[in-house]
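Residue strings, one per chain:
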Amino acid sequence: MTIWEMLAVFAAGISAGTINTIVGSGTLITFPVLLATGLPPVTATVSNALGLIPGSISGAIGYRAELTGQRSRVLRLSIAAAIGGLSGAVLLLMLPSTAFETIVPVLVALALVLVILQPRITKAVQRRRDRKGTPTNPDGGPLLFVGLMLASVYGGYFTAAQGIIYLALMGMLLDDTLQRLNATKNVLAAVVNSIAALFFLFVADFDWTAVALIAVGSAIGGQLGAKIGRRLPPTALRALIVVVGTFAIIQLLLR
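Residues numbered from 1 in each chain as written. Predicted model: local features only at pLDDT ≥ 70, side-chain atom pairs only at ≥ 80, totals over all residues. Heavy atoms only, no water.

Asker: A description of the environment of Thr159 should follow, citing residues and the corresponding values.
Answerer: Within the secondary structure layout, Thr159 lies in the loop between helix H7 (141-157) and helix H8 (162-173). With 110 residues separating them along the chain, Thr159 and Ala49 place their C-alpha atoms 7.7 Å apart. (Helix = DSSP H or I, 4+ residues; strand = E, 2+ residues; numbered from the N terminus.)

This is the structure:
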């Protein structure tokens, strides 16, 4: 990498760590930047997964106050995240690279749709919470476990927007504040990234320069996201993600 490419990857890591802590979809920032440096899509994905682990952990630590009293829930749902994340990582390496290059633009497009629809998802969740007489399971029951496991398969394969999927599922099936659910989301994202990266360490090729730059950047971003996330205009963040994600789709289709 040139010095300018390294700076771009580092800046993308900070942005991804911040956005992942607040809403998710930080991969839509780092992934196209890694592609722009010349990395193949699969190498970019596995390097990104490993590099974002410190950011996920940093964000979870930043939300530690909201995690109070959620130990049992987090442990149970982390099992689903680990199973799904490992399955997604295996699929990434089992499928031919041509299949990955075909599927990823579709996944990015889906992620962008989820980012755009996030305000409506949040309002729908709030309306459900305001509806009296609706029983909820404190851990979400089997439906949430299976739903998060499937979402984590996607997360292990390609992490973009998995946090939004997590929040949508937990918001519909758990009776808790969105900030506490966001704290749980950060832990689950850390589990998926860690289990997938641990698997990749033994079977995939990394670009260690990219990993290091994203790791340091995302750790910084995780703390920034935890501190200022509630004050940032969500519309501006969604607009940034959509712009970068659209660039990623165009770049993938032109490869």
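The discussion continues.
Asker: Now, about the packing of aromatic side chains: what can you tell me, with residues and values included?
Answerer: Taken as a whole, this structure holds 2 aromatic pairs when the rule is applied. Where Phe199 meets Phe200, the ring centres are 6.0 Å apart and the plane angle is 55°; that geometry is what we call tilted. With relative accessibility at 0%, the residue Phe200 sits in the buried group. (Phe/Tyr/Trp six-rings, centres within 6.5 Å; stacked < 30°, edge-to-face > 60°. Buried < 20%, exposed > 50% of the residue type's maximum accessible area, 1.4 Å probe, protein only.)

Asker: Describe the side chain of Asn182, naming the residues involved and giving the relevant values.
Answerer: Here Asn182 shows up in helix H9 (residues 178-203). Here the side chain of Asn182 touches Thr21 through a polar contact of 3.1 Å, landing on its backbone oxygen. Engagement of the side chain of Asn182 in a polar contact is seen with the side chain of Lys185, the distance being 3.0 Å. Filtering out sequence-adjacent residues up to four positions away, Asn182 remains in contact with Thr21, Ile22, Tyr63 and Leu167. (Polar contact = N/O pair within 3.5 Å; in protein donor to acceptor, adjacent residues only side chain to side chain. Contact = heavy atoms within 4.5 Å.)

Asker: Kindly report on the nonpolar core, identifying the contributing residues and their values.
Answerer: Ranked by internal contacts, the top residues of the largest apolar core, which has 31 residues, are Leu34, Phe158 and Phe200. Of all elements in the fold, only helix H1 (3-22), helix H2 (27-36), helix H3 (41-51), helix H5 (71-94), helix H6 (97-130), H7, H9 and helix H10 (208-228) reach the threshold of two or more residues within this core. Dropping the residues within four chain positions of it, Leu34 is found in contact with Val9, Leu39, Ala44, Asn48, Ala210 and Ile214. (Core = buried A, V, L, I, M, F, W, Y, C linked by side-chain atoms within 4.5 Å.)

Asker: Quick one: what's the story with the packing of H7 against H9, residue by residue and with numbers?
Answerer: Their axes nearest at 10 Å, the elements H7 and H9 cross at an angle of 50°. Between H7 and H9, the crossing angle belongs to the class labelled oblique. In terms of crossing hand, the pair formed by H7 and H9 is right-handed. In this structure, H7 contributes Leu148, Ser152, Gly155 and Gly156 to the contact, and H9 contributes Leu188, Val192, Ala196 and Phe200. (Axes fitted to C-alpha atoms, helices over the stretch in contact; angles between N-to-C directions. Parallel < 35°, antiparallel > 145°, perpendicular 65-115°, else oblique. Left-handed = near helix turned anticlockwise from the far one by under 90°.)

Asker: Tell me about the environment of Leu93, and please be specific about residues and values.
Answerer: Note on placement: Leu93 falls in helix H5. Overall, the relative accessible area of 30% leaves Leu93 in the partly exposed class. The spacing of Leu93 and Phe200 is 107 residues in sequence and 8.8 Å in space, taken between C-alpha atoms. Among all residues touching Leu93, those that are not within four sequence positions of it are Val42, Phe199, Phe200, Val203 and Ala204.

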